[in-house]
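Structural description and commentary
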Amino acid sequence: MKIYLNGKFVAKKDAKISVFDHGLLYGDGAFEGIRSYNGLVFKLQEHVDRLYETAHTLMIQLPLTKKQMIKAVVDTLKINKLTDAYIRVVVTRGEGDLGLDPRKCYGAPGIIIIADKIALYPASLYKKGMEIITVPTVRNHAEALNPQLKSLNYLNNILAKIEAGTSGFCEAIMLDAHGFVAECTGDNIFIVKKGVLSTPSQGRLRGITRDTIMALAEKSKIKVYEGQMTRHEVYNADECFLTGTAAEIIPVVKVDGRLIADGKPGKVTNKMMQLFKGVTCKDGVKY
Ligand code: PXG
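Residues numbered from 1 in each chain as written. Predicted model: local features only at pLDDT ≥ 70, side-chain atom pairs only at ≥ 80, totals over all residues. Heavy atoms only, no water.

Here we look at the site of the ligand
Close to the ligand lie 21 residues; Tyr154, Glu183, Ile208, Thr209 and Thr245 are nearest. Measuring from a nitrogen atom of the ligand, one finds a backbone N or O atom of glycine 186 at 2.8 Å. Within the backbone of isoleucine 208, an N or O atom sits 2.7 Å from an oxygen atom of the ligand. Contact with the protein chains removes 91% of the 550 Å² of surface that the ligand exposes when unbound. At the level of secondary structure, the elements contributing two or more residues to the shell around the ligand comprise strand 5 (85–92), helix 6 (208–219) and strand 13 (239–244). (Near = heavy atom within 4 Å. Polar contact = N/O pair within 3.5 Å; in protein donor to acceptor, adjacent residues only side chain to side chain. Areas by Shrake-Rupley, 256 points an atom, 1.4 Å probe, with all protein chains shown as cover. Helix = DSSP H or I, 4+ residues; strand = E, 2+ residues; numbered from the N terminus.)

Structure follows, in structure tokens:
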């Protein structure tokens, strides 16, 4: 395995960064998770755009143009001879001293690109659906650390993941500071009620898979609603599913002990899974 590290390809065992990098010391940095299918990188421009938006808010000046970043991702896939992969792009603040202040960092921002495989949930759950719970840890307040930022500080989500795990579940719903459903630890959430697809408008990352599903639904004349969502609405939905680059589309059949409808993946969910598969195998940046 070859890792892209600051403009060079190095062996996995040599892919190391400084212990003074603020990415490690403070989680000061940004990341993206991208997938390629059959030699096509799915929504690469959208992922790069989101990475640069996070970096802009964090005031990290990336040493690559977006075009160069796209080439670096594609080159990483090529050198590793991977046609179907999960790509992790990591941007770190760079080396500094033992103090928070990023202005005192003397090193250039670090760029790491890893191309590998990812399996978030057991394969069987994609067929029979997943059972999830709501956890006590609320999603970060947008004015504290906006969930729109895909920063290296994922402790909010990790705490929720730990809570899910200690209760015996592999995924969890996180509420926002007002008690509305925000998203899951690494996925967005959708429900279907009377043929209408709904997803939270606030308190969540604007997922690229989420945007893809919304666009596919509209194209198929399925009504899409973005707004506030309560747990009551989730419990009483006809269908529920989660979306994410790593997770793709996964049905949810039980939430906090409440069966969703008949407890089987629903029709709209299955349709969205099929439509998503259709676009991932034909759309994307060829390499
Ligand atoms: N919400 C959060 C909090 C995420 O981290 C999504 C939604 C889905 O966004 P996309 O753009 O991928 O549709 C994510 C992204 C993991 C893992 O290991 C999960 C993500 C990214 C990287 C790793 O669980 N999810």
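Points about the domain arrangement of the protein
Interface size is often expressed as the accessible area that is lost when the parts come together. Along its sequence, the protein is carved into domain 1 (2–116) and domain 2 (123–279). Taking only C-alpha atoms into account, the centre of domain 1 sits 27 Å from that of domain 2. Across the boundary between the two partners, domain 1 contributes 24 residues, which contact 17 residues of domain 2. Ranking the residues of domain 1 by area buried against domain 2 places Phe31, Phe42 and Arg50 at the top, with a combined share of 38%. Our enumeration of links across domain 1 and domain 2 arrives at one salt bridge. Residue glutamate 248 pairs with arginine 35 through a salt bridge whose shortest N-O separation is 4.0 Å. For the interface between domain 1 and domain 2, the tally reads eight residue pairs in polar contact (both at pLDDT 80 or more). For the side of domain 1 that touches domain 2, the secondary-structure elements that each account for two or more residues are helix 1 (22–26), strand 3 (29–37), helix 2 (44–57) and strand 5. Here the side of domain 1 that touches domain 2 takes eight residues from strand 3, the largest share from any one element. (Domains from an automatic or database assignment. Contact = heavy atoms within 4.5 Å. Buried area = accessible area lost by both parts, 1.4 Å probe. Salt bridge = Lys/Arg side-chain N within 4 Å of Asp/Glu carboxyl O.)

Points about unusual backbone geometry
The backbone phi angle of lysine 221 is positive, close to 65°, even though this residue is not glycine. Positive phi values are uncommon outside glycine, yet glutamate 248 reaches one of about 60°. Within the fold, glutamate 248 resides in strand 14 (residues 248–255).

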